[in-house]
Amino acid sequence: HRLAGKRLGAQVTNMSVRTSSITKGETLIDTAMTLNAMRPDLIVVRHHAAGAVGLLARKVDCAVINAGDGAHEHPTQTLCDLYTLKKEKGHLKGLTVVICGDLKHGRTIHSLVYALARFGANIMLMPAKGMELPAHVDWRLRNEFKSFNVPRARYEKDNASVDALYMTASKPHQLSLISDVDLKIRKNIDAMYVTRFQKERWTDKTQDYPTIDQRFLKDRKFSKTSLLHPLPRVGELDISLDSDRRAAYFRQAHNGVFLRMALLAMVMGRA
């Protein structure tokens, strides 16, 4: 966001916890009130606590962008992810996207699954053991976004590593009419979204964690898969894939600057 703002000609001030009054015990509300007194046009916030950005936004008069709050959500990253998928695949509706890794604490994942469901994509979940999608995210997928969890018996034979499959039927009652032929079409994976092991959120630092490499991707269903990752990576995505035509994660990072420039301009009414 800082680079995006500078490219737009904005005056950007960075405030880090380490160099602010927060280290002296200042509360989030007092921080918000102090920032508000400076009359900024826009505040971009990343915070370790879920809900902190929403609290701050209620205390200031300017626009606020959530750049990630704890294990809650990361909406600006998801906008970048959607833009990248659209550029890579040409569309979003009907895509089959595998999401792999820490789905419990991955804030990028929580925002992404809602967006994928909203745009009619199909979602396959491949979590590390103990890192499954939280119950409240599953509830929102099914109840707010009308994405349906397909029974394991319908896909387990050919996708044994998949923990859950969410599909978007054109009408809710049509789920029971989706045939095995429809499921076979979705064996071809359009995109795989890989996340890092967030060790800072786990007491057991030695847990097994999936690694995506050339061997894993040799299956025919991955032949045209676009590989995405919010970065940074810490070993879960083999560096040998960097030169693979399927690797889209650096293009994804590149897209993020322009997406955030557009977002900043739109929020400030300059688009």
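Cut-off values and rules
- Residues numbered from 1 in each chain as written.
- Predicted model: local features only at pLDDT ≥ 70, side-chain atom pairs only at ≥ 80, totals over all residues.
- Heavy atoms only, no water.
- Pairing = 2+ DSSP bridges.
- Helix = DSSP H or I, 4+ residues; strand = E, 2+ residues; numbered from the N terminus.
- Contact = heavy atoms within 4.5 Å.
- Axes fitted to C-alpha atoms, helices over the stretch in contact; angles between N-to-C directions.
- Parallel < 35°, antiparallel > 145°, perpendicular 65-115°, else oblique.
- Left-handed = near helix turned anticlockwise from the far one by under 90°.
- Nonpolar A, V, L, I, M, F, W, Y, C, P; charged D, E, K, R; others polar.
- Polar contact = N/O pair within 3.5 Å; in protein donor to acceptor, adjacent residues only side chain to side chain.
- pLDDT = per-residue confidence, 0-100.
- Salt bridge = Lys/Arg side-chain N within 4 Å of Asp/Glu carboxyl O.
- Buried < 20%, exposed > 50% of the residue type's maximum accessible area, 1.4 Å probe, protein only.

**Details of the sheet that holds strand S5 (residues 148–149)**
Spatial ordering of the open sheet is given by S5-S6-S4-S3-S7-S8, a layout of six strands whose pairing is mixed. Here the strands that pair on one side only, and so sit at the sheet edges, are S5 and strand S8 (226–228). With three bridges joining them, strand S7 (residues 191–194) and S8 adopt parallel strand pairing. Bridge assignment links Ala191 to a residue of S8, and that residue is Ser226. Against the sheet, helix H4 (residues 75–89) contacts S7 and S8, and its axis sits at roughly 165 degrees relative to S8. Helix H6 (residues 135–143) contacts strand S4 (122–127), S5 and strand S6 (164–167) of the sheet and is inclined by roughly 30 degrees relative to S6.

**Side note on the packing of H4 against helix H5 (residues 107–118)**
Where H4 meets H5, the closest approach of the two axes is 8 Å, and the angle between their N-to-C directions is 50 degrees. With respect to H5, the element H4 is oriented oblique. Along this stretch, H4 crosses H5, giving a crossing that reads as right-handed. Counting all contacts with H4, which are made through Pro75, Gln77, Thr78, Asp81, Leu82 and Leu85, the residues of H5 involved are Thr108, Ser111, Leu112, Ala115 and Leu116. Taken together, the residues that form the contact of H4 with H5 break down as six nonpolar, four polar and one charged.

**Quick look at the packing of H5 against H6**
Viewed as axis vectors pointing N to C, H5 and H6 meet at an angle of 15 degrees, and their least axial separation amounts to 10 Å. When the axes of H5 and H6 are compared, the pair comes out roughly parallel. Judged by the sense of rotation from one axis to the other, the crossing of H5 with H6 is right-handed. Judged by residue contacts, His110, Val113, Tyr114 and Ala117 of H5 engage His136, Val137, Arg140 and Leu141 from H6. Tallied by class, residues from the contact of H5 with H6 come to five nonpolar, two polar and one charged.

**A short note on the environment of Arg39**
For Arg39, the location among the structural elements is in the loop between helix H2 (28–37) and strand S1 (42–47). Between the C-alpha atom of Arg39 and that of Val60, which follows or precedes it by 21 residues, the distance is 9.0 Å. A polar side-chain atom of Arg39 sits 2.7 Å from the main-chain carbonyl oxygen of Asn36.

**Observations concerning the environment of Ile123**
Its location among the elements puts Ile123 in strand S4. Note: C-alpha distance between Ile123 and Ala164 (41 residues apart in sequence) is 8.1 Å. The contact partners of Ile123, leaving out residues within four places of it in the chain, are Val97, Ile99, Val113, Leu116, Ala117, Leu141, Ala164, Leu165 and Tyr166.

**A short note on the confidence of the model for the chain**
Of the residues in the chain, 86% have a pLDDT of 70 or more, and the chain-wide mean is 85. The secondary-structure element of the chain with the lowest mean pLDDT is helix H7 (residues 180–185), recorded at 51, while S8 shows the highest, at 97.

**Thoughts on the pattern of salt bridges**
Tallied over the entire structure, the rule returns six salt bridges. Here Arg140 makes a salt bridge to Glu73, at a shortest N to O gap of 3.7 Å. Of this pair, Arg140 sits in helix H6 while Glu73 sits in the loop between strand S2 (63–69) and H4, and the two are 67 residues apart along the sequence. Taking relative accessible area as the criterion, Glu73 reaches 17% and is therefore assigned buried. Across the pair Asp244 and Arg246 runs a salt bridge whose closest N-O atoms are separated by 2.9 Å. Considered together, Asp244 and Arg246 belong to a single accessibility category, that of buried residues. Here the salt bridges share partners, and the residues they tie into one network are Glu73, Arg140 and Glu144.

**Here's the deal with unusual backbone geometry**
Note that the residue after Leu231, namely Pro232, is joined by a cis bond; omega there is 5 degrees. With respect to the helices and strands, Pro232 occurs in the loop between S8 and helix H8 (249–267). The phi dihedral of Lys146 falls on the positive side, at around 55 degrees, and the residue is not glycine. Considering the arrangement of structural elements, one finds Lys146 in the loop between H6 and S5. Under the relative-accessibility criterion, Lys146 is labelled partly exposed at 44%.

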